[in-house]
Amino acid sequence: MNLKAGIKPDQTETFGTLVFMGLARERMYYDREKGERTDKLESRIYNLGSSIQQGQIEVTLPDYIDLKEYDFMSEVELVHPRITARAQVNGTFANIIYTIVAEDIKPLGQKGFDKKAQENKEPVGAGVDKK
């Protein structure tokens, strides 16, 4: 089976009630030619609490989405989440690493997500390089 686009979960059945727990870390692009990490933002990873998963999950948002700063333990929902999987090899064994990727995180009950507004938006960090 080939799932290049990932698995599109039913939010309520897969995650239940989601609560915002804060920013976990920022992922920066890695320059493979130079073998070093760059200062260019690739994505942000947030911690959310899930009632169905009975614990904390990590959700990755793309770089063009603004930093999310909601109240701790406030109820949120994901916009177009998908679950991807990759194998991490360790000797003769392999572990499957699942990653939850979403277009956005919004407070529960907030209306709509304007994807067109996000497409026209300048990427995070653009224009801050003033000398």
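A brief structural summary. Once a new chain begins, its residue numbering starts again from 1 and follows that chain's sequence as written. Given that the model is predicted, a residue must reach a pLDDT of at least 70 before its local features are reported, and side-chain atom pairs must reach 80 or more before they are shown or counted; all residues, however, enter totals for whole chains, interfaces and linings. Based on all heavy atoms of the structure, the side-chain values leave hydrogens and waters out of the count.

Turning to the sheet that holds strand β5 (residues 82-90), a few remarks are in order. What the seven strands build is an open sheet, ordered β5-β6-β3-β2-β1-β4-β7; its pairing is mixed. What marks the edges here is a single partner per strand, and that holds for β5 and β7 (104-107). Averaged over all adjacent pairs, the angle separating strand axes in this sheet is 40°, with direction ignored. Alignment of strand β2 (residues 36-50) against strand β3 (residues 55-62), held across eight bridges, turns out to be antiparallel. Among the inter-strand pairings, L48 is bridged to a residue of β3, identified as I57. Note on pairing: two strands pair once DSSP finds at least 2 bridges between them. Think of it this way: any DSSP run of H or I at least four residues long counts as a helix, any run of E at least two long counts as a strand, and we number them from the N terminus. Only C-alpha atoms enter the line fits that serve as axes; for helices the fit covers just the stretch in contact. Angles between N-to-C directions range over 0 to 180 degrees.

Attention shifts here to the nonpolar core. If you look at the biggest cluster of nonpolar residues, it comprises 15 residues, and the most contacted ones within it are L48, V59, L78 and I105. Of all the secondary-structure elements, those providing two or more residues to this core are β1 (18-31), β2, β3 and β4 (75-79). It is β3 that provides the largest number of residues to this core, a total of three residues. Among buried residues, the Ala, Val, Leu, Ile, Met, Phe, Trp, Tyr and Cys ones that are joined through side-chain atoms within 4.5 Å form a nonpolar core. For every residue, the accessible area (1.4 Å probe, protein chains only) is compared with the maximum for its type, and the residue is labelled buried under 20%, exposed over 50%, or partly exposed between those bounds.

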